[in-house]
Amino acid sequence: MKNNYNLEVQGIILKKTIYGDTSLILEILCKEVGKISVLARGIRKGKSKFSGLFESGNRVELLLSKKNSSDFYYFKNGTLINAYLFSLGYPRNLLLYAALEICHQLLISEDEAENIYSLLLTYFEYLQKQAENEIAIFWRFLLRLFIVTGIELNLRRCTFCHLDSSNMVAYYSLRHGFICEKCFQNHLDEFVINFSFQTAGIIHILPEIGNHLKNLSISSKTAREVTKILLLHLSEQFHKKFYCKSIDYYFENLYHKIKLK
Ligand SMILES: [Zn+2]
């Protein structure tokens, strides 16, 4: 068996870290081999023809090499298929970063890689098209991610009485689901996170929120509540805290200034 081999992959740049004086370490989600670390040596030296290739969110085609003895891949050559980050502009590029941050922290099996890769691309394309209520595109991305990773969130069935309800009033983190108005009275404890009436309405239409984006008015409070619940669901299901600095930044610095209602 050879010690070294080459492979061609298609991937999305999740994270780029400066390494040494001239190199980069990239975390890339590849359609073919899952999430990998790639060392791109000498890439920051002078005017490299690859200097724009490794922006976060870029979809790239790469020729890599790998030693059997190492987990690292080495960059040999590559071309850009799509760049999304700069075409989006504020605040949507923060939402692009948010999805990348989540995928960076998520344990992605090789089986899931292709689905999550497609999910990210679909998400980026929706972000490009949608200039209002863009936070809802992020919510839809999370809902789809839940399905792909096997932690689907049932938005309409109460986690206590198991009946369908259009009146959810709280999220119950211990049972990874929602609580209807009737059950809520009897189950008040510290793990119950209740939300506003408007948030309940948004959660109810979340599965087909794409059809409502043009005539929705989402308050800052509801945007925060829905985002918090979805990220909490992710953290609770995978038993680890997911950090999403881009989302914090989105709400702290942009959302409430631009769109406070
Ligand atoms: Zn119930």
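Below is a summary of the structure that appears in this document. (Residues numbered from 1 in each chain as written. Predicted model: local features only at pLDDT ≥ 70, side-chain atom pairs only at ≥ 80, totals over all residues.)

1. What about the sheet that holds strand β5 (residues 73–82)?
Part 1 of the reasoning: Read around the closed barrel, 5 strands run β1-β2-β3-β5-β4, paired in mixed fashion. Neighbour-to-neighbour, the strand axes of the sheet open up by a mean angle of 45 degrees, direction not taken into account.
Part 2 of the reasoning: As defined by bridge partners, strand β2 (residues 23–30) adjoins strand β3 (residues 34–40) across 7 bridges and the pair is classed as antiparallel. By the bridge assignment, Ile28 is partnered in β3 with Ile36. (Pairing = 2+ DSSP bridges. Helix = DSSP H or I, 4+ residues; strand = E, 2+ residues; numbered from the N terminus. Axes fitted to C-alpha atoms, helices over the stretch in contact; angles between N-to-C directions.)

2. Digging into unusual backbone geometry
Part 1 of the reasoning: Of note, the bond from Tyr90 into Pro91 is cis; its omega dihedral lies within 30 degrees of zero at -5 degrees.
Part 2 of the reasoning: Mapping Pro91 onto the fold places it in the loop between α1 (85–88) and α2 (92–105).
Part 3 of the reasoning: Phi is positive for Asn133, which is not a glycine, with a value near 50 degrees.
Part 4 of the reasoning: Here Asn133 shows up in the loop between α3 (110–129) and α4 (135–148).
Part 5 of the reasoning: For His176, which is not glycine, the phi dihedral falls at a positive 55 degrees.
Part 6 of the reasoning: By the element assignment, His176 lies in the loop between β6 (168–172) and β7 (177–180).

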